[in-house]
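Below are the chains, spelled out letter by letter.
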Amino acid sequence: MKKLPVFTLGIEEEYQIIDPETRDLRSHLSKIVDGAKILLNEQVKAEMHQSVVEVGTNICKNVKEAECEIKFLRTKIVELADKQGLIVGGAGTHPFSKWQDQEITDDPRYHNIINELQDAARSNLIFGMHCHVGIESREIGLKLINQACYFLPHIFALSTNSPFWEGRQTGYKSFRTKVFDKFPRTGLPEYFDSVASYDNFLETLVKTNCIDNPKKIWWDLRLHPFYNTIEFRICDMALTVKETMSIVSVIQAIVAKLYRLNTQNLKFNTYRLALIKENKFRAARYGIEGNLIDFGLQKEVETKLLVLELLDFIDDVVDELGSREHVNYVHEILKNGTGADKQLAVFKETNDLKKVVDFITSEFTKDL
């Protein structure tokens, strides 16, 4: 069998900066970002809200290299936050902080977004994990996106980690996606039959002043406008490094497996967006504890069983990618629950959202 190309990885994580006394989100007034830029250059960015810090790895050759980078970045941000008397956590939403209380970063880019989107932007107090996978060309990338779209709800279910919003138990395992749905150009990606038609779509949006640059396509999975990568944007921010790396390893393996099938003139089925949206809703609502639709069988199947089927599907590429240990951690997530399940268990036991925040911040440093 032909050897796979190197599917490089880049990971972005968005961290919560928290006051250790109140457990509320707290503005760091750019002090953490400014301090981090001295150490980490462009690997750290301010976000729209001043209580958020975004980090990004360098281009990594494999999952182990990416894991080392994420551990390093988490450690450095924790150290810098500690110098400001603050702590750090990882979850898709904060359990009780209110967006109305958050300070906005003084940056023209964010001012422009708020000017256009108003309270939809101001209320977008959410935290995600994005994974870039390097591909040979945009043409191949577009084919892989069309096929990988089917697996987005499976990946998303494993990542669910935002059951609370502004002090309420929402009933969702991921409320983050419900908050982000208020933005335009979000959700599942449209199907395009060629890069030319995709580029024509982007040009139309720019010409008609819908967007000023192609990065304002905020789909759950997108062809990066500037790099030869496809970017998975559907995941909630994970509690732990192990959870992040497990989900990243599954994403990389899906891309590698679909690539291999395409090189063998085999193609994974593409399904109607409306059907995949049904599965995305179920993943947001129930995480791994519900059912997804198996479109081939045209029936409901337990999400956990479909995740196990996904692991079987990618099994023949994970050793070549060097990611078996990380992929196998999915079994721990299936057994012990997602971040959302764990947050809900703490709240059920304590009836105290501050205890949930304590859990989130303690898990953040767990694998460091």
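Basis of the calculations
- Residues numbered from 1 in each chain as written.
- Predicted model: local features only at pLDDT ≥ 70, side-chain atom pairs only at ≥ 80, totals over all residues.
- Heavy atoms only, no water.
- UniProt positions renumbered as here; feature names shortened; annotations may be inferred.
- Helix = DSSP H or I, 4+ residues; strand = E, 2+ residues; numbered from the N terminus.
- Rg over C-alpha atoms; globule rule 2.2 N^0.38 Å.
- Buried < 20%, exposed > 50% of the residue type's maximum accessible area, 1.4 Å probe, protein only.
- Contact = heavy atoms within 4.5 Å.
- Areas by Shrake-Rupley, 256 points an atom, 1.4 Å probe, with all protein chains shown as cover.
- Lys, Arg positive; Asp, Glu negative; His and termini not counted.
- Charge placed at Lys NZ, Arg CZ, Asp CG, Glu CD.
- Expected span 1.5 Å × (residues − 1).
- Arc of directions from axis to C-beta.
- Polar contact = N/O pair within 3.5 Å; in protein donor to acceptor, adjacent residues only side chain to side chain.
- Axes fitted to C-alpha atoms, helices over the stretch in contact; angles between N-to-C directions.
- Parallel < 35°, antiparallel > 145°, perpendicular 65-115°, else oblique.
- Nonpolar A, V, L, I, M, F, W, Y, C, P; charged D, E, K, R; others polar.

- Going by the annotation in an unreviewed UniProt entry, the name recorded for the protein chain is Putative glutamate--cysteine ligase 2, with Flavobacterium pokkalii given as the source organism.
- Per UniProt, the protein chain has the following entry under Catalytic activity (unreviewed entry): "L-cysteine + L-glutamate + ATP = gamma-L-glutamyl-L-cysteine + ADP + phosphate + H(+)".
- According to the UniProt record, the Sequence similarities (unreviewed entry) comment for the protein chain reads "Belongs to the glutamate--cysteine ligase type 2 family. YbdK subfamily."

**Comments concerning the overall build of the protein chain**
Phase 1 of the analysis: Of regular secondary structure, the protein chain possesses 15 helices and 13 strands.
Phase 2 of the analysis: What you see for the protein chain is a C-alpha radius of gyration of 20 Å, in line with the 21 Å of a compact globule of 368 residues.
Phase 3 of the analysis: Taking the principal axes of its C-alpha atoms as reference, the protein chain extends roughly 60 × 50 × 35 Å.
Phase 4 of the analysis: Taking all 368 residues of the protein chain together, the buried fraction comes to 59%.
Phase 5 of the analysis: Contacts in the protein chain between residues far apart in sequence, at least 24 positions, make up 77% of those at least 6 positions apart.
Phase 6 of the analysis: Here the protein chain has roughly 16100 Å² of accessible surface; of this, 48% comes from carbon and sulfur atoms.
Phase 7 of the analysis: For the protein chain, the centre of its 47 positive side-chain charges and the centre of its 53 negative side-chain charges are spaced 2 Å apart.

**Points about helix α2 (residues 63–83)**
Phase 1 of the analysis: Taking 1.5 Å as the rise per residue, α2 with 21 residues should run 30 Å; its terminal C-alpha atoms sit 30 Å apart, in good agreement.
Phase 2 of the analysis: Of all the positions in α2, only Val63, Ala66, Glu67, Glu69, Ile70, Leu73, Arg74, Ile77, Leu80 and Ala81 are classed as buried. Along the axis of α2, the buried residues cluster in a sector spanning 165°; they form a single face. In α2, the exposed positions that point more than 90 degrees away from the buried face belong to Cys68, Asp82 and Lys83.
Phase 3 of the analysis: Of the residues flanking the start of α2, the one acting as N-cap is Asn62, its side-chain oxygen 3.3 Å from the backbone nitrogen of Lys64.
Phase 4 of the analysis: Gly85 sits one or two positions beyond α2 and adopts a positive phi of about 75°.

**Things to note about the packing of helix α9 (residues 241–263) against helix α11 (residues 303–321)**
Phase 1 of the analysis: Interhelical geometry of α9 versus α11 gives an angle of 90° and a closest axis separation of 8 Å. In terms of orientation, α9 and α11 fall into the roughly perpendicular class. From α9, Val250, Gln252, Ala253, Ile254, Ala256, Lys257, Leu258, Arg260 and Leu261 reach across to α11, where they touch Leu310, Leu311, Phe313, Ile314, Asp316, Val317, Val318, Glu320 and Leu321.
Phase 2 of the analysis: Of the residues that constitute the contact of α9 with α11, the class distribution is 13 nonpolar, one polar and four charged.

**What to know about unusual backbone geometry**
Phase 1 of the analysis: Residue Gln118 is not a glycine yet carries a positive backbone phi of 55°.
Phase 2 of the analysis: Mapped onto the elements, Gln118 comes out in the loop between α3 (108–117) and α4 (119–122).
Phase 3 of the analysis: Owing to a relative accessible area of 38%, Gln118 belongs among the partly exposed residues under this scheme.
Phase 4 of the analysis: In this model, Asn209 sits at a positive phi of 65°, which is unusual for a non-glycine residue.
Phase 5 of the analysis: Along the chain, Asn209 turns up in the loop between α8 (195–207) and β9 (218–219).

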